[in-house]
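# Fold and geometry: a report
Residue-level listing of the chains:
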Amino acid sequence: MPANDRAGSPSLAVFTHGELIGDALIKIPFVRALRGLFPDHRITWITTEGTHLATTLRPMMDGLIDEFRADTGIGRSPLGLLRPMPIKDRFSLVLDTQALPWRTLLARRLRHDVFVSACAGYRLSDRRPPPGYTEPRHVLDRLFDLLEVAGGRRPPLDMAVPIPAEAEAEARAVLPDGPGYVAIAPGAGKRVKCWPLERFVELARAQVAGGRVPVFILGPAELDWLPGLRAAVPQALFPLQDAELAEPRYSPVRTIALTRRCAAAVANDSGTSHLFGLADVPLLTLYGPTIAEKLRPKVTRGTVLTAAAFGGREMERIPADAAIKEVEGLIRS
């Protein structure tokens, strides 16, 4: 149902603190499942701060979110409990996705018929899971539990998002049929989360030795790595830098479409790892200072390597041969 046809439909609000790019990517399957569970509701996404769902990823939200009310300030300070609620609308259902009790108390002040929140073990919620419920560690599992409590049934988890035909055609032209491609994303939001670049070079060279083509996915923050990677792995491709692409060059849809042309993908814990997850290709994700159990991309076939398995939290503890072995296993299984 088009968004403008939902006037007069039941209204649903989702309250979040906001979404940086990684958070937003993680939540895309949740948003799609939300729409599937409540197809006739008008859905409003309300955030304390900004959200990349309303900006960077806005084209992927068409037909899913009817309205964004971003950067409202609701939940920015406990003093908000003493102020009038700036949103006066009434909602049939409010879903609170965050975990701070005072923010949940603020969210509960949104006018509603039913309020559902996992905060404090669902103690502030109008609907609750069965006795003995244990909260899962992964953020996406928690969100799907919230949907099940709110909607009475658990929607399916579908990680592979739809990609426009023109993006698929462009990706096919950039990565034509024939070679086996392996997507490699050496970057991350913080360099402390990055596996050493020379290890990625070893991994890429192993793909060349196996008859495959490494495809480096570099963002604008990693362009200083480009000359060294070209020299170290001359057989590699750099599609976001080399191809004649329409702007925005670094669009999430483009990265997902390119990744779907690959036999496997490798990434640090990063926003790109979640784009790879939305492509739903066999995926190896590398973790050091962050927690894999909470945030790892959910894919049909995937695995992780953690620095903790090799005695610490530093990314350099993960050996290249271990990653090469995991990629081979993903491709051959």
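Rules used throughout
- Residues numbered from 1 in each chain as written.
- Predicted model: local features only at pLDDT ≥ 70, side-chain atom pairs only at ≥ 80, totals over all residues.
- Heavy atoms only, no water.
- Axes fitted to C-alpha atoms, helices over the stretch in contact; angles between N-to-C directions.
- Helix = DSSP H or I, 4+ residues; strand = E, 2+ residues; numbered from the N terminus.
- Parallel < 35°, antiparallel > 145°, perpendicular 65-115°, else oblique.
- Left-handed = near helix turned anticlockwise from the far one by under 90°.
- Contact = heavy atoms within 4.5 Å.
- Nonpolar A, V, L, I, M, F, W, Y, C, P; charged D, E, K, R; others polar.
- Salt bridge = Lys/Arg side-chain N within 4 Å of Asp/Glu carboxyl O.
- Buried < 20%, exposed > 50% of the residue type's maximum accessible area, 1.4 Å probe, protein only.
- Pairing = 2+ DSSP bridges.
- Right-handed = clockwise from strand over helix to strand, strands pointing away.
- Phe/Tyr/Trp six-rings, centres within 6.5 Å; stacked < 30°, edge-to-face > 60°.
- Domains from an automatic or database assignment.
- Buried area = accessible area lost by both parts, 1.4 Å probe.
- Core = buried A, V, L, I, M, F, W, Y, C linked by side-chain atoms within 4.5 Å.

Running from N to C, helix H5 (residues 165-174) and helix H9 (residues 252-259) point in directions that differ by 55°, and their axes come no closer than 9 Å. Judged by the inter-axis angle, H5 sits oblique to H9. Seen from above, H5 lies across H9 with right-handed handedness. Contact with H5, carried on its side by Ala167, Glu168, Glu170, Ala171 and Val174, involves Val253, Arg254, Ala257 and Leu258 of H9 and no other residues of that element. Its residues assigned to classes, the contact of H5 with H9 shows 6 nonpolar, no polar and 3 charged.

Now for the pattern of salt bridges. When their charged atoms lie close together, side chains carrying opposite charge are able to pair. Evaluated as defined, the whole model comprises 22 salt bridges. A salt bridge links glutamate 49 to arginine 76; the shortest N-O distance between them is 3.2 Å. Taken together, the residues glutamate 49 in the loop between strand E2 (42-47) and strand E3 (67-69) and arginine 76 in the loop between E3 and strand E4 (90-96) connect sequence positions 27 residues apart. For glutamate 49, a relative accessible area of 27% corresponds to the partly exposed category.

The subject of this paragraph is the sheet that holds strand E8 (residues 264-268). Sheet architecture is open: 5 strands sit in the order E7-E6-E8-E9-E10, paired in parallel fashion. Bordering the open sheet on either side are strand E7 (212-216) and strand E10 (302-306), each of which pairs with just one other strand. When strand polarity is set aside, the average angle formed by the axes of neighbouring strands in this sheet is 20°. For strand E6 (residues 180-185) and E7, the ladder comprises 5 bridges, and the chain directions are parallel. Across the sheet, residue valine 182 finds its bridge partner in E7, namely proline 214.

All right, on to the pairing of E7 then. Within E7, 5 of the 5 residues are buried, which leaves it mostly tucked inside the rest of the structure. With burial as the criterion, each face of E7 is covered, one bearing Arg212, Pro214 and Phe216 and the other bearing Val213 and Val215. You can see the chain leave E6, run along helix H6 (residues 197-209) and come back into E7, and the turn it takes is right-handed.

Bringing the packing of aromatic side chains into the picture now. Using the criterion set out here, one finds 4 aromatic pairs in the structure. Pairing tryptophan 195 with phenylalanine 200 gives two aromatic rings, centres 5.0 Å apart and planes at 85°, and the pair type is edge-to-face. Summarising the burial analysis for this pair, tryptophan 195 and phenylalanine 200 share the class buried.

The domain boundaries assigned to the protein delineate domain 1 (11-151) and domain 2 (165-332). Spacing between the C-alpha centres of domain 1 and domain 2 amounts to 31 Å. Facing 14 residues of domain 1, the contacting portion of domain 2 comprises 13 residues. Between domain 1 and domain 2 lies a buried interface of about 1,100 Å² when both sides are counted; carbon and sulfur atoms form 75% of it. Contact with domain 2 buries area across many residues of domain 1, yet Leu25, Arg137 and His138 alone supply 47% of it, more than any other trio.

The linkage connecting glutamate 247 with the following residue, proline 248, adopts the cis geometry, with an omega of 0°. Here proline 248 is to be found in the loop between helix H8 (239-242) and H9. Positive phi, close to 55°, is recorded for alanine 120, a residue that is not glycine. By the element assignment, alanine 120 lies in helix H3 (residues 119-122).

Right, let's talk about the nonpolar core for a bit. What tends to happen in soluble globular proteins is that the nonpolar side chains get buried as a cluster. Membership of the largest hydrophobic core comes to 60 residues, with the highest contact counts inside it found for Ile28, Phe30, Leu53, Met61, Leu95 and Val116. Looking at this core, the element that brings in the most residues is helix H1 (residues 21-37), giving 8 residues. Each of two domains, domain 1 (11-151) and domain 2 (165-332), supplies a minimum of three residues to this core. In this view, methionine 61 contacts Ile28, Val31, Leu53 and Phe68; residues no more than four positions away in its chain are not counted.

What follows is about helix H10 (residues 271-279). Across the 9 residues that make up H10, a large majority, 7, are buried. Burial in H10 covers these residues: Ser273, His274, Leu275, Phe276, Gly277, Leu278 and Ala279. Residues of H10 that are buried sit in contact with H1, E6, H9, E8, strand E9 (283-287) and helix H11 (292-295). Phi for aspartate 280, located one or two positions after H10, is positive at around 55°.

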